[in-house]
Structures are given as structure tokens and as C-alpha cells.
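Notes for the structure review
Single-letter residue listing:
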Amino acid sequence: MGWLARLEQAVGGSLEGLSRKLCGGRLTVRAIAAAVESGLQPVPHDGQRTLPNALRLELHPSDLERLASQLGEVRRQVAQRLAELATRHGLPLVGRPAVVLEPSETVTAGEVRLLATVCPGPGAAELATADGSVQLALRGASAVIGREPGCDLVLLADGVSRRHARVEPRADHYVIVDLGSTNGTQVNGARVALHELRHGSVVSIGTVRLQFREL
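Structural notes, computed from the coordinates. Just so we're clear, the structure is a prediction, and the values are computed from it rather than from any experiment.

**Focus on the overall build of the protein chain**
Broken down by element type, the protein chain carries four helices and 17 strands. Of all 215 residues assigned to the protein chain, the portion counted as buried reaches 47%. Accessible surface for the protein chain amounts to roughly 10,600 Å². Of this, 48% is attributable to carbon and sulfur atoms.

Below, the structure written as C-alpha cells:
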């Protein structure tokens with residue numbers, strides 16, 4: 001099950017009533033981010049208060065079409081506001097901020113419907129070569145990379161050990177762990193034993209270069 005499907009499942013089961021329309025007149029990137037920030041409310045999770053980290057924003061199709069070229073900036077600003085709000089009020093996030101925008105005919109033009117819930121974990125990501133010929137989808141579970149047929153990502157290339165490295169989820173991020181490989185694992189050109197992966201990190205395993213991307 002993909003992270004969006006898990007998000008929709010979570011929204012259906014544990015929304016805690018946090019669903020509201022946010023009015024903003026003519027929607028702009030800044031107006032959407034500010035409206036979402038004002039609409040977020042703390043929710044209980046595992047005995048503590050936290051802010052929802054998985055946000056679905058529903059816009060009228062005409063607004064979504066008009067903002068099509070700015071959707072990446074909308075997601076970035078909303079995620080940034082969420083992280084800043086959590087820090088300002090001392091409310092830890094239990095998962096990486098994730099923002100999805102979708103069209104809805106039931107939302108009035110100029111409004112945003114916010115659906116928010118708690119989705120623990122680092123979310124969806126991938127390791128892939130520049131040409132996309134090699135890809136490893138990450139869905140919140142560990143994955144082993146190596147030459148051995150049983151690995152989650154099999155790399156038959158020079159310098160790759162049988163079980164070379166493992167990618168692991170840690171709270172709201174992923175790390176890569178070298179498994180005692182002969183030639184080592186590199187992140188952004190530096191040899192590592194264990195290293196946090198960030199969006200854009202380049203992982204070198206033998207002669208294969210993989211870029212880490214958050215989805």
C-alpha cells in the first residue's frame with residue numbers, strides 16, 4: 001500500500017474531526033500556507049500531543065489549474081509552516097511532513113478544505129539512478145542492497161558486496177547503514193558507516209550512483 005493510500009485510510013479512521021474549509025478569497029501560495037497554519041490543531045497520539053503531519057488540501061479544480069505551476073511551492077511552504085509551528089509550540093512531529101493537493105468539486109472557488117491526520121514514519125522515498133533504470137521504492141520499511149539474489153535491490157556491478165548496505169526508517173527520516181562491505185558505502189562522496197539521507201543525497205555503492213528522493 002502506497003503512502004497516499006495509507007494517508008487516506010488514516011484520514012478515514014482517525015481524523016479526530018480536523019476537517020475544515022479555510023476561506024481566502026483569491027488563493028495564492030502565501031494565502032494557502034497561512035490559512036493551513038491557522039487551521040491546524042494539536043491532536044493526541046500515543047499519549048502525547050502532536051500536530052498532524054499528513055495534510056491533504058482540496059481545492060476547486062479551477063484554483064488547482066490556475067496554481068498548477070506553483071504546486072511544488074505550495075507544498076514546500078505548507079510543510080515549512082507546519083515544521084515551524086511544531087517547533088514554536090514544542091509539539092513534536094511523529095512523521096515527515098507530507099502535503100497532497102487534490103481537486104474537489106464540493107469546495108467553493110477561493111476556499112481550501114484541510115484534511116489532516118497523524119501518519120508516523122518518514123513517508124515515501126526512493127533511491128534511483130539518474131536515468132531511472134535502477135529504482136528502489138522506500139515505504140517505511142528496511143531494504144537491503146547488494147549482489148545477493150535475496151536483496152531488496154540487486155546490483156550486479158563492480159565493487160558491490162553480497163549484502164552491501166541497508167536503508168532503515170528512523171522516526172521522520174531514513175538512514176543508510178553499511179553492512180561491512182569490502183569497498184564501503186559513500187554518501188555525497190564521503191565513506192560512511194551510518195548516515196542520514198536527505199532529499200538529493202547521492203549514494204555510491206560500488207560503481208552505481210543512486211540519488212535519494214523524498215516523494
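**Notes on the sheet that holds strand S8 (residues 135-138)**
Sheet architecture is open: six strands sit in the order S8-S7-S17-S16-S13-S14, paired in antiparallel fashion. One side of each edge strand has no neighbouring strand; the edge strands of this open sheet are S8 and strand S14 (190-192). Within this sheet the neighbouring strands show an average axis-to-axis angle of 30 degrees, counted without direction. Taken together, the three bridges between strand S13 (residues 185-187) and strand S16 (residues 202-205) define a ladder with antiparallel strand orientation. In the sheet register, Val-187 faces S16, and the bridge partner there is Val-203.

**Re helix H4 (residues 71-88)**
The end-to-end C-alpha separation of H4 is 26 Å, in line with the 26 Å expected for 18 residues at 1.5 Å each. Contacts from the buried residues of H4 go to helix H2 (29-39), strand S4 (54-59), helix H3 (61-66) and strand S5 (98-103).

**Some thoughts on the packing of H2 against H4**
Orientation of H2 relative to H4, taken along the N-to-C sense of each, is 35 degrees, at an axis distance of 9 Å. H4 is crossed by H2, and the crossing has right-handed handedness. Across the interface between the two elements, Val-29, Arg-30, Ile-32, Ala-33, Ala-34, Val-36 and Glu-37 of H2 pack against Glu-73, Val-74, Gln-77, Val-78, Arg-81, Leu-85 and Arg-88 of H4. Along the lines of polarity and charge, the residues of the contact of H2 with H4 split into eight nonpolar, one polar and five charged.

Scoring rules and cut-offs
- Residues numbered from 1 in each chain as written.
- Predicted model: local features only at pLDDT ≥ 70, side-chain atom pairs only at ≥ 80, totals over all residues.
- Heavy atoms only, no water.
- Helix = DSSP H or I, 4+ residues; strand = E, 2+ residues; numbered from the N terminus.
- Buried < 20%, exposed > 50% of the residue type's maximum accessible area, 1.4 Å probe, protein only.
- Areas by Shrake-Rupley, 256 points an atom, 1.4 Å probe, with all protein chains shown as cover.
- Pairing = 2+ DSSP bridges.
- Axes fitted to C-alpha atoms, helices over the stretch in contact; angles between N-to-C directions.
- Expected span 1.5 Å × (residues − 1).
- Contact = heavy atoms within 4.5 Å.
- Left-handed = near helix turned anticlockwise from the far one by under 90°.
- Nonpolar A, V, L, I, M, F, W, Y, C, P; charged D, E, K, R; others polar.

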